[in-house]
Amino acid sequence: MKILISADMEGATGVTWPADVEPGTEQWQRCRAMFTSDVNAAVEGLLEGGATEVLVNEAHATMRNLLLEELNTDAAMITGRHKELSMVEGVQSGDCDGVVFLGYHCGAGDEGVLAHTYLPNAVTGVWLDGEPASEGRLNAAVVAEYGTPVILVTGDDRACEDAATYAPFARTVAVKEHVSRYAARCPPPAATARDIRAGARAAMTLAGRLDPVGPEPRAVEVEVDSAQLAQAAAIVPGVTRTGVRRVRYVSPDAYEMIRCFKAVTTLISNAMEERYG
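Rules used in this analysis
Residues numbered from 1 in each chain as written. Predicted model: local features only at pLDDT ≥ 70, side-chain atom pairs only at ≥ 80, totals over all residues. Heavy atoms only, no water. Helix = DSSP H or I, 4+ residues; strand = E, 2+ residues; numbered from the N terminus. Rg over C-alpha atoms; globule rule 2.2 N^0.38 Å. Buried < 20%, exposed > 50% of the residue type's maximum accessible area, 1.4 Å probe, protein only. Contact = heavy atoms within 4.5 Å. Areas by Shrake-Rupley, 256 points an atom, 1.4 Å probe, with all protein chains shown as cover. Pairing = 2+ DSSP bridges. Polar contact = N/O pair within 3.5 Å; in protein donor to acceptor, adjacent residues only side chain to side chain. Axes fitted to C-alpha atoms, helices over the stretch in contact; angles between N-to-C directions. Core = buried A, V, L, I, M, F, W, Y, C linked by side-chain atoms within 4.5 Å. Phe/Tyr/Trp six-rings, centres within 6.5 Å; stacked < 30°, edge-to-face > 60°. Lys NZ or Arg CZ within 6 Å of the ring centre and 35° of its normal.

By the naming in an unreviewed UniProt entry, the protein chain goes by Peptidase M55 D-aminopeptidase and is assigned to Nocardiopsis dassonvillei.

As structure tokens, this is what we get:
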């Protein structure tokens, strides 16, 4: 069985602060090891549970954060930008029997450690078909179109609660407890690695191809914190402003939904000014 790990960093062991996940900082260098430890623990558990192939897709920021030289030698990794399906690159091969959302976090405007959706602060809310949408919900819609179940989600306790709303049958492993957006109660990496390994091993009972969902139209609304960002997002064909700080679009399926979302957030990011946002 082939399993895809979509590995984000904000929900990794020990990560609580922006500098922990910002490439180039001293803290980022330190946290890369804990991030890699989480991934390796998941790989080990998946293999023990019956996986025959594990593909890791780097899903954070520059997508060059995991330490390849420390990666479990029984896994392979997609590293770097830019990719057709961004955080869930690899699922479109159509042969993945399960996906792990590792190091995930709550969405923009929600309570959770480093909560955001794609952009750290400019996006204040995202809704998919009327429901508040974290990156987990958005990506779960994409993998469902390829018949791939979400079998495990790791992150803080709030991210695990969020996972229950979009992948109710998935196993969850909380690697830290939310205190505030920039604080958490954190066990050491040895403890979280043990828990992730056990969770991944148990999650393999959920692996197996499903009937693909859809395709069906998916409506996305994005709220930002200033008017010019909504104006920038509306440059994308099919994206319209529905308010001073809100835009909306409808895609024919989740594949096009996530690709349009990436375009929208890229334009929003490029429209920000250093001090005024």
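Chemist: Please set out the overall build of the protein chain residue by residue, giving values where relevant.
Modeler: When helices and strands are tallied, the protein chain shows seven helices and twelve strands. Whereas a compact globule of 277 residues would reach a radius of gyration of roughly 19 Å, the protein chain reaches 18 Å, a difference of no more than 12%. Seen through its C-alpha atoms, the protein chain measures out along the principal axes to roughly 50 × 45 × 30 Å. By the burial criterion, 56% of the 277 residues in the protein chain qualify as buried. A fraction of 69% describes how many contacts in the protein chain between residues 6 or more apart in sequence connect residues 24 or more apart. Accessible surface computed for the protein chain: about 11700 Å², of which carbon and sulfur atoms make up 50%.

Chemist: Tell me about the sheet that holds strand 5 (residues 123-128), residues and numbers included.
Modeler: Pairing within the open sheet is antiparallel, and its five strands lie in the order 6-5-10-12-11. The open sheet has two edge strands, strand 6 (131-132) and strand 11 (240-243), and neither has a second partner. As defined by bridge partners, strand 11 adjoins strand 12 (residues 246-251) across three bridges and the pair is classed as antiparallel. Residue pairing in the sheet places Thr240 in a bridge with Arg248 of strand 12.

Chemist: Can you break down the side chain of His60 residue by residue, with the values?
Modeler: Mapped onto the fold, His60 is located in the loop between strand 2 (53-58) and strand 3 (75-78). With relative accessibility at 4%, the residue His60 sits in the buried group. Within polar-contact distance, the side chain of His60 engages the side chain of Glu10 at 3.4 Å. In contact with His60, not counting residues within four places along its chain, are Ala7, Asp8, Met9, Glu10, Val21 and Asn65.

Chemist: Give me the sheet that holds strand 4 (residues 98-104): which residues, what numbers.
Modeler: Within the open sheet, the seven strands sit side by side as 3-2-1-4-7-8-9. Their pairing is mixed. If you trace the sheet from one side to the other, it starts and ends with strand 3 and strand 9 (183-185), each paired once. Shown here is a sheet whose adjacent strand axes are inclined to one another by a mean of 25°, direction ignored. Bridge count between strand 2 and strand 3: four bridges; the pairing is parallel. Each residue of the ladder has a partner; that of Val56, found in strand 3, is Met77. Most of the contacts of helix 2 (residues 26-48) go to strand 1 (residues 2-7), to which it runs at about 165°, and overall it touches strand 1, strand 2, strand 3, strand 4 and strand 7 (150-156). Contacting strand 4, strand 7 and strand 8 (171-180), helix 4 (residues 157-166) crosses the sheet at an angle of about 150° to strand 7.

Chemist: So what's going on with the nonpolar core? Residues and values would help.
Modeler: Counting residues in hydrophobic clusters, the biggest one holds 51 residues, and the most contacted among them are Phe101, Val150, Met257 and Ile268. Among the elements that line this core, the one with the most residues is helix 7 (residues 254-270), at eight residues. If you look at the next biggest cluster of nonpolar residues, it comprises 37 residues, including Met34, Ala41, Val54 and Val56.

Chemist: Tell me what's going on with the packing of aromatic side chains, and back it up with residues and numbers.
Modeler: For the structure shown, the criterion picks out four aromatic pairs. With a centroid separation of 6.3 Å and an interplanar angle of 40°, the aromatic rings of Phe101 and Tyr166 are classed as tilted. With Phe101 in strand 4 and Tyr166 in helix 4, this residue pair connects regions lying 65 residues apart in the sequence. The pair formed by Phe101 and Tyr166 is uniform in burial state, with each residue classed as buried. Ring plane angle 85° and centroid distance 4.9 Å describe the contact between Tyr118 and Phe261, whose orientation is recorded as edge-to-face. Here the residue Tyr118 occupies a position in the loop between strand 4 and strand 5, and Phe261 occupies one in helix 7, the gap between them amounting to 143 residues. Considered together, Tyr118 and Phe261 belong to a single accessibility category, that of buried residues. One aromatic cluster is present, formed by Phe101, Tyr104 and Tyr166 through successive ring pairs. Between Arg246 and the ring centre of Trp127, over which it is positioned, the NZ or CZ distance is 4.2 Å.

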